[in-house]
Amino acid sequence: MTSNWATFTTAEPDLAKTVEERFGRFQHHILATLRKDGSPRTSGLEVRFLHGEFWLGMMPGSLKARDLLRDPRFAVQANPGDGTHMGGGDVRISGRALLVEDPEVIASYTDSVQVPDPDDFHLFRTELTEVTRTFIEDEKYLVVQVWKPGGEPVRTLKRT
């Protein structure tokens, strides 16, 4: 089961706000895709939360774009930043990236985001399959929050 960013923010507004803030701290993040042989590939990437969607944009012909066109499964890990401080925790969004070909949707996106050459990039809309946040609580507990579409609340695991 999948859903878009708006569905997630409606279901879990507090976690969604934390995730957006965490991604907002840095411009570049880490995208994981699957190579042709099935092995993982990681690449740098900028992401956008816009119009109720989580968007991935990239140069056409890039390895990550070719990976997603072949197999749309992905995970994006928020940039951990420098040092060991990760205020807001460690967050990851997983799902399927779907190439946008509708000129009106692309125009709406490029009107909102400065794209150097709107005709020379791939835009992917995402369907979410999981949002995960991991953080330390009270300097004692490792807390993992996992959201999956389907109406269930966030599952929280706490370990010492």
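Residues numbered from 1 in each chain as written. Predicted model: local features only at pLDDT ≥ 70, side-chain atom pairs only at ≥ 80, totals over all residues. Heavy atoms only, no water.

Working note: regular strand, side chains alternate between the two faces of the sheet. Burial of the side chains of strand β2 (residues 40-45) is restricted to one face: Arg-41, Ser-43 and Leu-45 are buried, whereas none of Pro-40, Thr-42 and Gly-44 on the reverse face is. Pairing of strand β1 (residues 29-34) with β2, which is carried by 6 bridges, proceeds in the antiparallel orientation. If you follow Leu-31 over to β2, its bridge partner there is Ser-43. With antiparallel pairing between neighbouring strands as the criterion, β1 and β2 make up a hairpin whose turn holds 5 residues, including Gly-38 at a positive phi of roughly 90°. (Buried < 20%, exposed > 50% of the residue type's maximum accessible area, 1.4 Å probe, protein only. Helix = DSSP H or I, 4+ residues; strand = E, 2+ residues; numbered from the N terminus. Pairing = 2+ DSSP bridges.)

Right, let's talk about the layout of surface pockets for a bit. Taken as a whole, the largest pocket encloses approximately 420 Å³ of empty space. Lining the largest pocket are 20 residues, with Glu-46, Gly-57, Met-58, Val-115 and Pro-116 positioned closest to its centre. Breaking the lining of the largest pocket down by element, the ones donating at least two residues are β2, β3 (47-50) and β4 (53-58). The leading source of residues in the lining of the largest pocket is β4, at 4 residues. (1 Å grid on protein atoms, 1.4 Å probe; cavity = no way out; pocket = protein on both sides within 12 Å on 5 of 7 lines; lining within 4 Å. Points joined across faces, edges and corners; volume = space filled by probe spheres on them.)

Turning to the packing of aromatic side chains, a few remarks are in order. Applying the stated rule across the entire model yields 9 aromatic pairs. The cationic tip of Arg-133 hangs over the ring face of Phe-135; the distance from NZ or CZ to the ring centre is 3.8 Å. Over the aromatic face of Tyr-141 sits the side chain of Lys-158, whose NZ or CZ is 5.1 Å from the ring centroid. (Phe/Tyr/Trp six-rings, centres within 6.5 Å; stacked < 30°, edge-to-face > 60°. Lys NZ or Arg CZ within 6 Å of the ring centre and 35° of its normal.)

Its 12 residues give helix α2 (residues 13-24) an end-to-end C-alpha distance of 16 Å, which sits within 8% of 16 Å, the value for a rise of 1.5 Å per residue. Every buried residue belonging to α2 is among Leu-15, Ala-16, Val-19, Arg-22 and Phe-23, and all of these are buried. Looking down the long axis of α2, one finds its buried residues gathered within 130° of arc, a one-sided arrangement. When the buried face of α2 is taken as reference, the exposed residues oriented beyond 90 degrees from it are Asp-14, Lys-17 and Gly-24. (Expected span 1.5 Å × (residues − 1). Arc of directions from axis to C-beta.)

What follows is about the pairing of β1. Burial along β1 is one-sided: the residues His-29, Leu-31 and Thr-33 are buried and none of Ile-30, Ala-32 and Leu-34 is. Here β1 runs beside strand β5 (residues 73-77); their pairing, made up of 3 bridges, is antiparallel. Across the sheet, Ala-32 pairs through a bridge with Ala-75, a residue of β5.

Turning next to the nonpolar core. Core analysis: the biggest nonpolar cluster contains 25 residues, and Trp-5, Phe-54, Leu-56 and Val-76 have the highest contact counts within it. Looking at this core, the elements that each hand over two or more residues are α1 (5-11), α2, β4, α3 (63-70), β5, β6 (90-99) and β7 (122-137). Considering each element in turn, this core owes the most residues, 4 residues, to α2. Excluding anything up to four places from it in sequence, Leu-56 contacts Leu-31, Leu-45, Val-47, Leu-68, Phe-74, Val-76, Ala-97, His-122, Leu-123, Phe-124 and Thr-126. (Core = buried A, V, L, I, M, F, W, Y, C linked by side-chain atoms within 4.5 Å. Contact = heavy atoms within 4.5 Å.)

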